[in-house]
Amino acid sequence: MGTLQITPSRILGHKLAENNTVFNSFSGVRQVGFASLLSRNRKAQSFWVKTRSNSEDRNGGGFVSRSSNSTGQEEGLLLGTEKDSDGSVVGFNLTPHSATSAAKILETQETEAKGGVELSEDIETNDKASIRTTYNVIFVTSEAAPYSKTGGLGDVCGSLPIALASRGHRVMVVSPRYLDGNLSNKKFANAVELEQRSSIYCFGGTQEVGFFHEYRAGVDWVFIDHPSYHRPGTPYGDMFGAFGDNQFRFTLLCHAACEAPLVLPLGGFTYGEKCLFLANDWHAGLVPVLLAAKYRPYGVYKDARSIVVIHNIAHQGVESAATYRNLGLPPGWYKALEWVFPTWARTHALDPGEAVNVLKSAIVTADRIVTVSQGYSWEITTPEGGYGLHELLASRKTVLTGITNGIDGNEWNPSTDEHLPFHYSIHDLSGKVQCKIELQKELGLPVRSDCPLIGFIGRLDYQKGVDIILSAIPELLQDDVQFVMLGSGEKQYEDWMRHSEANYKDKYRGWVGFNVPISHRITAGCDILVMPSRFEPCGLNQLYAMAYGTVPVVHNTGGLRDTVKNFNPFAGEGTGEEGTGWTFTPLSKESFLATIRIAVGTYKEHKSSWEGLMKRGMERDSSWDNAATQYEQVFEWAFIDPPYAG
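The residue numbering used here restarts from 1 in each chain and proceeds along that chain's sequence as written. With pLDDT at 70 or above as the cut-off, local features in this predicted model cover only qualifying residues; side-chain atom pairs require 80 or more to be listed or tallied, and sums for whole chains, interfaces and linings still use all residues. For side-chain calculations, the full set of non-hydrogen atoms in the structure is used, while hydrogens and water are omitted.

Enquirer: Sorry if this is basic, but what is going on with empty space enclosed by the protein here?
Expert: Gaps left between atoms show up when a probe the size of a water molecule is rolled over them. Only protein atoms enter the calculation, which uses a 1 Å grid: trapped sets of points that fit a 1.4 Å probe without letting it out are cavities, open sets showing protein on both sides within 12 Å along at least five of seven lines are pockets, and any residue with an atom within 4 Å of a point is a lining residue. Grid points are joined across faces, edges and corners, and a volume is the space filled by probe spheres set on the points. Summed over the entire model, instances satisfying the criterion amount to one cavity of 30 Å³ or more. Its volume calculated, the largest cavity comes out at about 50 Å³. Around the largest cavity sit Q247, F250, T251, C254, W282, H283, L286, L327 and V358, which together line it. Looking at the lining of the largest cavity element by element, the count peaks at four residues for helix α6 (residues 246-263). Each residue receives one of three labels: charged for Asp, Glu, Lys and Arg, nonpolar for Ala, Val, Leu, Ile, Met, Phe, Trp, Tyr, Cys and Pro, and polar for the others, Gly being one of them. The residue makeup of the lining of the largest cavity, split by class, is six nonpolar, three polar and no charged. Per the convention used, a helix needs a DSSP run of H or I reaching at least four residues, while a strand needs a run of E reaching at least two, with both numbered from the N terminus.

See the structure below:
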């Protein structure tokens, strides 16, 4: 784990040495308020910020330097203080060190030492883009790849923290330590048990939790250890359904996550109270409430902020109202979680419908709300997409932001993918045809490079629109196409896939289950990927498909609408330069079939247009760094207003 040293530079360093000034601590989180908006009246001074590993020698003042170069030419960051018109320090900025910017800033410091001048306009203009405020960021999540994953949530919380850490933030991810057998034990093999333990009062008693820690890719991965996480199955259930104590398991997670920044000396020092918590979905939804109800009344976390990230609003953590007393919250906070079912949803005529809703409490108390696409941020404010929370979300739309997920370019890259028999790139697409041929051989389909190969990868359930595919297949397979599906889910759809494979031996293959290598080969080998989802908060398969030059045909909803630009052959003077795929609406068999046939016709008869579609999709920036930039803007907004206080 790397730590920071702040070494005064030149003149300012000389002043500090003369005054015997000692820095005991430093927070990289800028104080934000009205003073921070007075940028024109600020003055800047700079420090060198250098880092090194813990194994190197410590020097005076308790700080550590990662650089072994003692000539003063180290590459690192500049720490600049920001002052208002009265000369008060209102914040700090970390500026990447370059010869040009360093020279300008040092020249300004020398001028200030002789009489003091304001930061010149040219420095402010030239270096504005390179100045970045850094934060102590705490991700709280029920899953994080590669340690635990059932879907997109695991991908996000396994990749976004790394992207943020690479941009200079100090990042911790807090997630349960699931143990369900030898395989899961190996995933946590590098996590070391820490000495610190926490006692948490909830569910009528005191629960003791342990902490395991792994430092990887610039991120502190912290795993909460408790017997309730040690059982076979997924993070949420087993073959018999959802675990009956999930409310207990994730209440523990939230309490422990709030304790971790205070008690864990990771890399030699704790994260402290001035943190930014990202609570992902309902499993982490108690975090914003705990900050406001359990800590702030006692002066703890008074400068912390929280953001709730909604990946799927259909899951809200709703339980009986009687369970409120188990959550470890003061009695006066019941209204934050109060939930009343509509009359039609109650079990009987005498049922009052009273419940607690954990996700609702997070929406009420969080400083900002983020969803995983811009389209989904609008959909959840509508009766159709809000699952009963639409009115509350609409009332908080001023703090609601949609940010499209990214994809891991190291794992999903057709030029380096270890699962592909041939590699290719936007500059040489010949390998894609070879991947298609190899996929046809592997699946036992007739090898025909000229036949459009259509694919589907996903969960087999109603949300993913599998019933639309089921109804369209008999008519679609009358055309000259091949179709392959990969997924698992409802038994009726799994049985239908097996039945269809028997009926259409030369045109259809269904792979029941999920297999990572075959999912990569289907993504690379298919010409078209279909996603007729009823709703899709973000969707990742269409992003994978475009990165691999496979053209998506998707329902015009949520993140699919945001990420797939509908192809218009007459746009751009007939070049169709704006399109990356096709979207269709309404969600019906007829609309689905019509759109696929347009795509197939383009593939067969307009090769140049098809190649343009492929390349535009491959050019799209779907990196996590792009998403991280947008999250940083939300971080800044979160610190503008005071935190929620009840």
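Enquirer: How should I be thinking about unusual backbone geometry in this particular structure?
Expert: Working note: non-glycine residues mostly have negative phi, and peptide bonds are mostly trans. Look at the link from A145 to P146: it is a cis peptide, with omega at 5°. As for its placement among the helices and strands, P146 is situated in the loop between β5 (136-140) and α4 (152-166). Unusually for a residue other than glycine, F203 sits at a positive phi of about 55°. A positive phi angle, close to 55°, is found at A217, a residue other than glycine.

Enquirer: Would you take a moment to explain the sheet that holds strand β14 (residues 318-320) for this structure?
Expert: Two strands pair under a simple rule: DSSP has to find at least two bridges between them. The strand order across the open sheet built from three strands is β14-β16-β15, with neighbouring strands paired in antiparallel fashion. In this open sheet, the two strands that pair with only one neighbour each are β14 and β15 (338-340). Between one strand axis and the next, the sheet turns through 45° on average, direction left out of account. The strands that helix α9 (residues 358-365) touches are β15 and β16 (354-357); relative to β16, the one it contacts most, it runs at about 60°. As a rule, the C-alpha atoms of each element are fitted with a line to give its axis, helices using only the stretch in contact, and angles between N-to-C directions run from 0 to 180 degrees. Whether two residues are in contact is decided by their heavy atoms: any pair within 4.5 Å suffices.

Enquirer: Teacher, can you tell me more about the packing of aromatic side chains here?
Expert: Each aromatic ring pair is specified by the distance between its two centres and by the angle formed by the two planes. Two rings belonging to Phe, Tyr or Trp (six-membered ring only in the last case) form a pair when the distance between their centres is within 6.5 Å. Interplanar angles under 30 degrees mark stacking, angles over 60 mark edge-to-face geometry, and anything in between is tilted. One pass over the full model with this rule turns up 24 aromatic pairs. Relative to F535, the ring of Y387 has its centre 6.1 Å away and its plane inclined at 65°; by these criteria the two rings are edge-to-face. Separated by 148 residues along the polypeptide, Y387 in the loop between α10 (374-379) and α11 (390-395) and F535 in the loop between β22 (528-531) and α16 (541-547) bring together distant segments of the chain. Three or more aromatic residues joined by ring pairs make a cluster, and in this case those are Y135, Y631, F635 and F639. Here the guanidinium or amino end of R249 rests over the ring plane of F250, the centre of that ring lying 5.5 Å away. Seen from the ring of Y462, R534 lies directly overhead, with NZ or CZ sitting 3.6 Å from the centre. A ring is scored as having a charge over it whenever the NZ atom of a lysine or the CZ atom of an arginine sits within 6 Å of its centre and within 35 degrees of its normal.

Enquirer: Where do I start with the confidence of the model for the chain in this structure?
Expert: The predicted structure's coordinates, where accompanied by low pLDDT, should not be read in detail. The quantity called pLDDT is the predictor's confidence in a given residue, expressed from 0 to 100. On average, the chain scores 83 in pLDDT, and the residues at 70 or more come to 78%. The low-confidence segment residues 108-130 (pLDDT under 50) makes 32 contacts with residues lying over four places distant or belonging to another chain.

Enquirer: For this particular structure, what's the right way to read the side chain of T583?
Expert: Summarising the element assignment, T583 is placed in strand β24 (residues 582-584). When sequence neighbours within four positions are dropped, the list of residues in contact with T583 reads V554, N556, V564, N566 and T595.

Enquirer: Just checking my understanding: could you explain the sheet that holds β24 for this structure?
Expert: The strand order across the open sheet built from six strands is β21-β20-β19-β22-β23-β24, with neighbouring strands paired in parallel fashion. Each having just a single partner strand, β21 (508-512) and β24 make up the two edges of the open sheet. The average undirected angle you get between the axes of adjacent strands in this sheet is 20°. Bridge count between strand β23 (residues 551-555) and β24: three bridges; the pairing is parallel. Counted as the bridge partner of V554 is T583 from β24. Against the sheet, helix α13 (residues 466-476) makes contact with β19 (453-457), β20 (482-487), β21 and β22, and its axis sits at roughly 155° relative to β20, the strand it touches most.

Enquirer: Is there a simple way to explain the pattern of salt bridges in this structure?
Expert: Side-chain pairs of opposite charge can arise whenever the charged atoms involved come near each other. Within this document, salt bridges are pairs made up of a side-chain nitrogen of Lys or Arg and a carboxyl oxygen of Asp or Glu, the two lying within 4 Å of each other. Applying the stated criterion to the full structure yields 24 salt bridges. For the salt bridge of R459 with D461, the shortest nitrogen-to-oxygen distance reads 2.5 Å. Relative accessibility decides the category of a residue: with a 1.4 Å probe and only protein chains considered, values under 20% of the type maximum give buried, values over 50% give exposed, and everything between is partly exposed. Looking at R459, the relative accessible area reads 40%, which means it is partly exposed. The residue K589 makes a salt bridge to E475 at a minimum N-O spacing of 3.9 Å. Of this pair, K589 sits in helix α19 (residues 589-605) while E475 sits in helix α13, and the two are 114 residues apart along the sequence. According to the relative accessible area criterion, K589 is partly exposed, its value standing at 27%. For E475, a relative accessible area of 32% translates into the label partly exposed. Overlapping salt bridges bring together R448, D450, D480 and K604 as one network.

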